[in-house]
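The lines below spell out each chain.
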Number of protein chains: 2
Amino acid sequence: MMQRSLDPENWEDFRKDAHSMLDDIIGYIERVAERPVWQPIPEEIRARFREPLPQEPESLGSVHERFMNEILPHSVGNVHPGFMGWVHGGGTPVGMLAEMLAAGLNANLGGRDQIPLEVERQVLSWTRQLFGFPDSASGIFVTGTSMANFISILAARFSILGEEARMHGIGGRKLAAYASSSAHVSISRALDFAGIGSDALRKVPVNRDFEMDVDALRHAIEADRREGFTPFFVAATAGTVDTGAIDPLPEIAEIASGEGVWFHVDGACGALGMLSPEISPKLSGIELADSIAFDFHKWGQVPYDAGFVLVKDGELHRQAFASGASYLSRGRALSAGSPWPCDFGPDLSRGFRALKAWFTIRVHGSRKIGQSIAHTCELARHLVQRIEESDRLELLAPCPLNIVCFRYRCNNPDPVNLEIVARLQETGIAAPSTARIEGKLAIRAAIVNHRTRIEDIDRMVDAVLSIGKNIHE
Amino acid sequence: MMQRSLDPENWEDFRKDAHSMLDDIIGYIERVAERPVWQPIPEEIRARFREPLPQEPESLGSVHERFMNEILPHSVGNVHPGFMGWVHGGGTPVGMLAEMLAAGLNANLGGRDQIPLEVERQVLSWTRQLFGFPDSASGIFVTGTSMANFISILAARFSILGEEARMHGIGGRKLAAYASSSAHVSISRALDFAGIGSDALRKVPVNRDFEMDVDALRHAIEADRREGFTPFFVAATAGTVDTGAIDPLPEIAEIASGEGVWFHVDGACGALGMLSPEISPKLSGIELADSIAFDFHKWGQVPYDAGFVLVKDGELHRQAFASGASYLSRGRALSAGSPWPCDFGPDLSRGFRALKAWFTIRVHGSRKIGQSIAHTCELARHLVQRIEESDRLELLAPCPLNIVCFRYRCNNPDPVNLEIVARLQETGIAAPSTARIEGKLAIRAAIVNHRTRIEDIDRMVDAVLSIGKNIHE
């Protein structure tokens, strides 16, 4: 019987290729600032990814060359210090190495008795400590906050409808959920996925700082009760994606507690501010949450993807997801160590996301990561100052954290600012994105990357002014 | 303003550490067969993962040492040729390097105009070709088949209830879904998550080969219609997790088509058999599916996690998931290239899973991967032969693919066979798992790893016989 292993026939040759690949990718990170942030993709490059399924082998070196020449130069560019689009972390070389080790170990963290699960539980216990949650709180890694929000909604659904709904579905129950009008779309999507329907989400108005109006929340809950709805879930946002606004967490917690409603915090953009002593006071009240969703791959700089969901009542969380199956029976040896992560969320096949978070936190230490987070806020304040100093620029929203929304002042500002953002990206100078702020098109600079320097901010501002002038004349 | 980058202060020192980490993990894979498959975890090792959040930095070398000494020796061991538990792939060194590059690039594949998305679309087009799906079919990478099954159920739900249910929820609708009694638990869980309820799943009886009884399926659908239920989803399994049985796909397709019911194939364990000309005839009819869920990290040997969902009607798939949001408005430059993967599933933050699949397929070629898949089936037949040759062993189910369920013959066989599996794992000789086959506890050997050799099978059989004899005497 022939051997059919996919391992290299010659390990020495393989090692040579591997080390050269490692050097190339380290070189990319080390010198990324010399590249354009992003560049338009030539159609001929795009067309090279429309080939039939390759039957025959190709050398590792040759495939790597394609990676270096065709893929790497045409990625989004969020490793680059000039990237300020959407809310993307920059990654770290340490996180990359951890991901390499995780892929070599090839662990599946659905379950079984293995130290990789203890690594995940270690990171869980660090997040408990960070957010002031009890030892009985549960949590798992997921792809991102979209999935973490979904899991939180299912836990909240279980808290009000119990096993009955798991077995028989939502039925005709009239449930209502609440989040501010600035909340992330993943909340209403999660209600859709969960069979509750996106219309169950009441979009509570915000105040002038884009924070949830708590009186409006109170009235919305009252109105729903009068109409026969059962309020079951309120999501506060800790760092909205458009402006970085933090909803008044203690007040929302009090209302939720008084009403017997699940209190969730969507902390995708802001929750890890807890790592910084300067920012954590703004997040006061987060410890009162029933669940928190956040991403290590944003402010935590862990490579994509590394979302996390933390649930205060670990036993309820388990009951909301656990199920039995003959081949998953737990016992001795490899089958020990129950409960497993698959008892706390939908995934049975789960990569070793915990390792890259564990390495990142251990190697850098929480203090230094917190400093890099605080630094992005400092850079945002510098950007605000540059905007306020220029009569051509206009700030469109307050900047409580690291996200700045502004525009170039001119007639017909929407298309002009859209054009400015497109040209910034196309020239590769900087990559902010856009947002709509009270109907106005804003240039949105989300400063998330630990590599971003004051000169990257200045370069972007100078380019906005020069492109704006150019278009305007 | 101080710089706060988390990049290394000294890149040369960092490179040295990085290369030594790479050497260590390559060495692990190269010499994994010399290790025990798995080993029990000493309590003192476990206890080292219960530390408070580290505030201060630690050297990369020291953290790596902890990885080598405390984590790597106590992983599940599915890289090892003697691992036959559950259904785990073995990973490849090539896949590991691709994951390293993906982590360095740190791409988020939720959207934007970037070549990484073209890589994902390239893999999608290969899967279309493999399964005989049209160019209009859509698909995305997900964590695993659990998520792929969930997405398929949401697409099927949309096909019957439309936008109405996305907005207003399931309401009082009586939906019914079908899968064989051998189907994976993730199907009923997905119905629970989707608000339909796990009881909506009719578990259709199986024949003596553990394949769905199609007459029983027909009767179940008729009975539901009489009771006022709306049949909307039938999941055939291509390779059940317990025995590798393949449901009669063409017959189920015909029933589904006649009844206007969505035809899904859960191909977690078996679908990639399409890569082998010897196995693909058994999967005939898979091209008729409305959706297919499968895992590149099982038979495809791509490192965890790398699930995939393929949907025949790409436009319906998009409508079942897409939603608008101001900051996600699509346009020019980075905002071009719509539709994006986030329009086809719940994830907005998505790592670059496609790269490790793309590298694996390009470097090895589809033919060689198919041969390694066929080889695992050949090894399974060898195991069946060894079982049939021994009067102490008994085969508990047919073996159509790569999964063998058997037991040691003796009085009181359940606890004895449970003990045999635990001892096999604890001695590190081999790691099969257990399954319940018609109430009997079976030793289940799922031969998935491309590294597994005939001597690994023989070693496991010899150990079963010797441990059995030992316990029995």
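Residues numbered from 1 in each chain as written. Chains lettered and ligands numbered in written order. Predicted model: local features only at pLDDT ≥ 70, side-chain atom pairs only at ≥ 80, totals over all residues. Heavy atoms only, no water.

1. Let's talk about the overall build of chain A
Secondary structure summary: chain A contains 13 helices and twelve strands in total. Compactness check: chain A gives a C-alpha radius of gyration of 24 Å against a globular reference of 23 Å for 473 residues, within 12% of the reference. Its C-alpha atoms give chain A principal-axis dimensions of about 75 × 60 × 45 Å. Among the 473 residues that make up chain A, the fraction classed as buried is 68%. In chain A, 73% of the contacts between residues at least 6 apart in sequence involve partners at least 24 apart. As presented, chain A carries roughly 14,900 Å² of accessible surface, and 47% of it is formed by carbon and sulfur atoms. Each charge class in chain A was averaged separately, 48 positive and 61 negative side chains, and the resulting centres sit 1 Å apart. (Helix = DSSP H or I, 4+ residues; strand = E, 2+ residues; numbered from the N terminus. Rg over C-alpha atoms; globule rule 2.2 N^0.38 Å. Buried < 20%, exposed > 50% of the residue type's maximum accessible area, 1.4 Å probe, protein only. Contact = heavy atoms within 4.5 Å. Areas by Shrake-Rupley, 256 points an atom, 1.4 Å probe, with all protein chains shown as cover. Lys, Arg positive; Asp, Glu negative; His and termini not counted. Charge placed at Lys NZ, Arg CZ, Asp CG, Glu CD.)

2. Comments concerning helix H10 (residues 314-321) of chain A
If you check which residues of H10 of chain A are buried, you get Gly314, Leu316, His317, Ala320 and Phe321 of chain A. Summarising the axial view, the buried residues of H10 of chain A lie within an arc of 160°, below the 170-degree limit, and thus occupy one face. The inward-facing, buried residues of H10 of chain A contact strand E2 (138-142), helix H6 (145-168), strand E6 (262-266) and strand E8 (307-311) of chain A together with helix H7 (185-193) of chain B. (Arc of directions from axis to C-beta.)

3. Observations concerning the interface of chain B and chain A
Taken together, the contacts link 175 residues of chain B with 175 residues of chain A. A buried area of about 15,600 Å², summed over both sides, lies between chain B and chain A, and 59% of it is on carbon and sulfur atoms. Summed over the shared surface of chain B and chain A, the number is 26 salt bridges. No other element matches the 19 residues that helix H11 (residues 353-389) of chain B contributes to the side of chain B that touches chain A. Residue composition of the side of chain B that touches chain A, grouped by class: 80 nonpolar, 52 polar and 43 charged. (Buried area = accessible area lost by both parts, 1.4 Å probe. Salt bridge = Lys/Arg side-chain N within 4 Å of Asp/Glu carboxyl O. Nonpolar A, V, L, I, M, F, W, Y, C, P; charged D, E, K, R; others polar.)

4. Focus: the sheet that holds strand E4 (residues 201-204) of chain A
In sheet architecture, strand pairing relies on hydrogen bonds along the backbone and comes in two forms, parallel and antiparallel. Residues and elements named next belong to chain A. Taken in spatial order, the seven strands of this open sheet run E2-E8-E7-E6-E5-E3-E4, and their pairing is mixed. With one partner strand each, in any of the chains shown, E2 and E4 form the two edges of the open sheet. Pairwise comparison of adjacent strand axes, ignoring direction, gives a mean angle of 20° for this sheet. Relative to E6, strand E5 (residues 230-237) runs parallel, the two being bridged by five bridges. Along E6, the bridge assignment pairs Ala236 with Val265. Relative to the sheet, helix H5 (residues 115-131) contacts E2, strand E7 (291-295) and E8, its axis offset from that of E8 by approximately 65°. (Pairing = 2+ DSSP bridges. Axes fitted to C-alpha atoms, helices over the stretch in contact; angles between N-to-C directions.)

5. Some details on the state of the cysteines
Residues and elements named next belong to chain B. Per the counting criterion, the structure on display carries zero disulfides over all chains. The thiol sulfur of Cys269 is not disulfide-bonded, and the nearest other cysteine sulfur, from Cys405, lies at 12 Å. Of all cysteine sulfurs in the structure, the one in Cys405 sits closest to Cys410, which takes part in no disulfide; the separation is 16 Å. (Disulfide = S-S within 2.5 Å.)

6. A look at the relation of the copies chain B and chain A
Once turned by 180° and shifted 0.0 Å along the axis, chain B lies on chain A with an RMSD of 0.0 Å. Such a turn and shift between the copies fits a two-fold axis. A share of 100% of interface residues in chain B that are also interface residues in chain A marks the association as one of identical surfaces. (Least-squares fit on C-alpha atoms with pLDDT ≥ 70 in both.)

7. Some points on the environment of Ala431 of chain B
With respect to the helices and strands, Ala431 of chain B occurs in strand E11 (residues 431-437). The spacing of Ala431 of chain B and Ala445 of chain B is 14 residues in sequence and 8.1 Å in space, taken between C-alpha atoms. When sequence neighbours within four positions are dropped, the list of residues in contact with Ala431 of chain B reads Leu334 of chain A together with Val37, Gly82, Phe83, Met84, Gly85 and Gln425 of chain B.

8. A few points about the pattern of salt bridges
Overall, the coordinates contain 74 salt bridges over all chains when judged by the stated rule. In this structure, Arg353 of chain A engages Asp305 of chain B in a salt bridge whose closest nitrogen and oxygen atoms are separated by 2.9 Å. With Arg353 of chain A in helix H11 (residues 353-389) and Asp305 of chain B in the loop between strand E7 (291-295) and strand E8 (307-311), this pair bridges two chains. Assessed through its relative accessible area of 5%, Arg353 of chain A is described here as buried.

9. Brief notes about the environment of Leu161 of chain A
All names here are of chain A. Within the fold, Leu161 resides in helix H6. What makes Leu161 buried here is its relative accessible area of 14%. It is 9.3 Å that separates the C-alpha atoms of Leu161 and Arg173, two residues lying twelve residues apart in sequence. Apart from residues no more than four positions distant in its own chain, Leu161 is found in contact with Ile170, Arg173 and Leu175.

10. With respect to the confidence of the model for chain A
Chain-level pLDDT for chain A is 96 on average; 99% of the residues reach the 70-or-more range. Reported confidences for the modelled complex are a pTM of 0.98 and an ipTM of 0.97. (pLDDT = per-residue confidence, 0-100.)

11. Regarding the side chain of Arg66 of chain B
Mapped onto the elements, Arg66 of chain B comes out in helix H3 (residues 60-71). Within the local environment of Arg66 of chain B, its side chain forms a polar contact with the side chain of Glu51 of chain B, the two groups lying 3.4 Å apart. Residues contacting Arg66 of chain B, with those up to four places away along its chain left out, are Trp358 and Arg362 of chain A together with Arg48, Phe49, Glu51, Glu58 and Ile71 of chain B. (Polar contact = N/O pair within 3.5 Å; in protein donor to acceptor, adjacent residues only side chain to side chain.)

12. A few points about unusual backbone geometry
Trans is the common state for peptide bonds, and a negative phi is the common state for residues other than glycine. In this chain, Tyr304 of chain A is followed by Asp305 of chain A through a cis amide linkage whose omega measures -15°. Between Ser338 of chain B and Pro339 of chain B the backbone carries a cis peptide bond, its omega angle lying at 0°. For Pro339 of chain B, the position within the fold is in the loop between helix H10 (314-321) and H11. One non-glycine residue, Gln301 of chain A, adopts positive backbone phi at about 65°. Structurally, the position occupied by Gln301 of chain A is in the loop between E7 and E8. Among the residues examined, Gln301 of chain A registers a relative accessible area of 1% and is labelled buried.

13. Comments concerning the packing of aromatic side chains
According to the stated counting rule, one finds 27 aromatic pairs over all chains in the structure shown. Taking 4.9 Å as the distance between ring centres and 90° as the angle between the ring planes, the aromatic pair formed by Phe141 of chain A and Phe308 of chain A counts as edge-to-face. Taken together, the residues span a long stretch of sequence, with Phe141 of chain A in strand E2 and Phe308 of chain A in strand E8 at a distance of 167 residues. As far as the burial class goes, Phe141 of chain A and Phe308 of chain A line up, both buried. Members of the aromatic cluster, joined through ring pairs, are Phe150, Phe193 and Phe321 of chain A together with Phe150, Phe193 and Phe321 of chain B. One Lys or Arg, Lys312 of chain B, reaches over the ring of Phe133 of chain B and ends 4.6 Å from the middle of that ring. (Phe/Tyr/Trp six-rings, centres within 6.5 Å; stacked < 30°, edge-to-face > 60°. Lys NZ or Arg CZ within 6 Å of the ring centre and 35° of its normal.)

14. What to know about the packing of H11 of chain A against H3 of chain B
Their axes nearest at 9 Å, the elements H11 of chain A and H3 of chain B cross at an angle of 140°. Of the possible angle classes, the one that applies to H11 of chain A and H3 of chain B is oblique. The interaxial crossing formed by H11 of chain A with H3 of chain B has right-handed handedness. Taken together, the residues of H3 of chain B that come into contact with H11 of chain A (itself represented by Leu355, Trp358, Phe359, Arg362 and Val363 of chain A) are Leu60, Val63, His64, Arg66, Phe67 and Ile71 of chain B. (Parallel < 35°, antiparallel > 145°, perpendicular 65-115°, else oblique. Left-handed = near helix turned anticlockwise from the far one by under 90°.)

15. Thoughts on the sheet that holds strand E3 (residues 175-180) of chain B
Residue and element names in this part refer to chain B. The seven strands lie next to each other as E2-E8-E7-E6-E5-E3-E4, forming an open sheet whose pairing is mixed. Among the strands making up the open sheet, the edge pair consists of strand E2 (138-142) and strand E4 (201-204). With strand direction ignored, the average angle separating the axes of adjacent strands in the sheet is 20°. Sheet topology note: the E3/E4 ladder contains four bridges and is parallel. Within E4, the position partnered with Ala179 by the bridge is Lys203.

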